[in-house]
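# Descriptive analysis of the structure
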Amino acid sequence: QPEAAAAADEDEWKFPDRKEFDMYLDKPKRTDLIKLFNAHNRGLAVWPWIWTQPNENGPHHVIIGSVSIDVLERIKRIKETIPNVNLLVITDRDSVQSLPEGEESLYRYEC
């Protein structure tokens, strides 16, 4: 049972309760990023989260939409070029599960 509880907690973090947010997008698109950003700047709780604070450790890259082997290759090239890059991937559960190693495919590149 502890493994089931841990999995449920992890799932809740990735796919939180929409009632906890002022703006919740199930399938965000690239064009939604500015909407999320503006709502966040107005003090609204948004999902997916938007981080806008300066980061002295490296630049940010945000990838929105379905992930595939091609997207993973792009992520790999970014990471090789800028090792300390902060990568945020906003996608859906089905897209992640379609990757060869599921979430581990993204974690490998610190997404």
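First, a word on scope: everything that follows refers to the structure included in this document. (Residues numbered from 1 in each chain as written. Predicted model: local features only at pLDDT ≥ 70, side-chain atom pairs only at ≥ 80, totals over all residues. Heavy atoms only, no water.)

## Some thoughts on the environment of Gly-65
- Looking at where Gly-65 falls in the secondary structure, it is placed in the loop between strand E3 (60-64) and helix H3 (69-81).
- Sequence separation between Gly-65 and Arg-30 is 35 residues; the distance between their C-alpha atoms is 7.3 Å.
- Sequence-distant contacts of Gly-65, that is, excluding residues within four places in its chain, are made with Ile-90 and Thr-91. (Helix = DSSP H or I, 4+ residues; strand = E, 2+ residues; numbered from the N terminus. Contact = heavy atoms within 4.5 Å.)

## A look at the packing of aromatic side chains
- By the definition in use, this model includes two aromatic pairs.
- Taken together, a centroid distance of 5.8 Å and an interplanar angle of 50° make the contact between Phe-21 and Trp-47 tilted. Of this pair, Phe-21 sits in the loop between helix H1 (2-14) and strand E1 (23-24) while Trp-47 sits in strand E2 (residues 46-47), placing them 26 residues apart in sequence. The same class applies to Phe-21 and to Trp-47, which are both buried.
- Members of the aromatic cluster, each reached through a chain of ring pairs, are Phe-21, Tyr-24 and Trp-47. (Phe/Tyr/Trp six-rings, centres within 6.5 Å; stacked < 30°, edge-to-face > 60°. Buried < 20%, exposed > 50% of the residue type's maximum accessible area, 1.4 Å probe, protein only.)

## Here's the deal with the side chain of Asp-32
- Mapped onto the elements of the fold, Asp-32 is located in helix H2 (residues 32-41).
- On the basis of relative accessible area, Asp-32 is assigned to the buried category, the value being 8%.

## Details of the pairing of E3
- Judged from the five bridges that link them, E3 and strand E4 (residues 86-90) form a sheet pairing that is parallel. Within E4, the residue paired with His-60 across the bridge is Asn-86.
- Regarding the hand of the β-α-β motif, the stretch spanning E3, H3 and E4 is right-handed. (Pairing = 2+ DSSP bridges. Right-handed = clockwise from strand over helix to strand, strands pointing away.)

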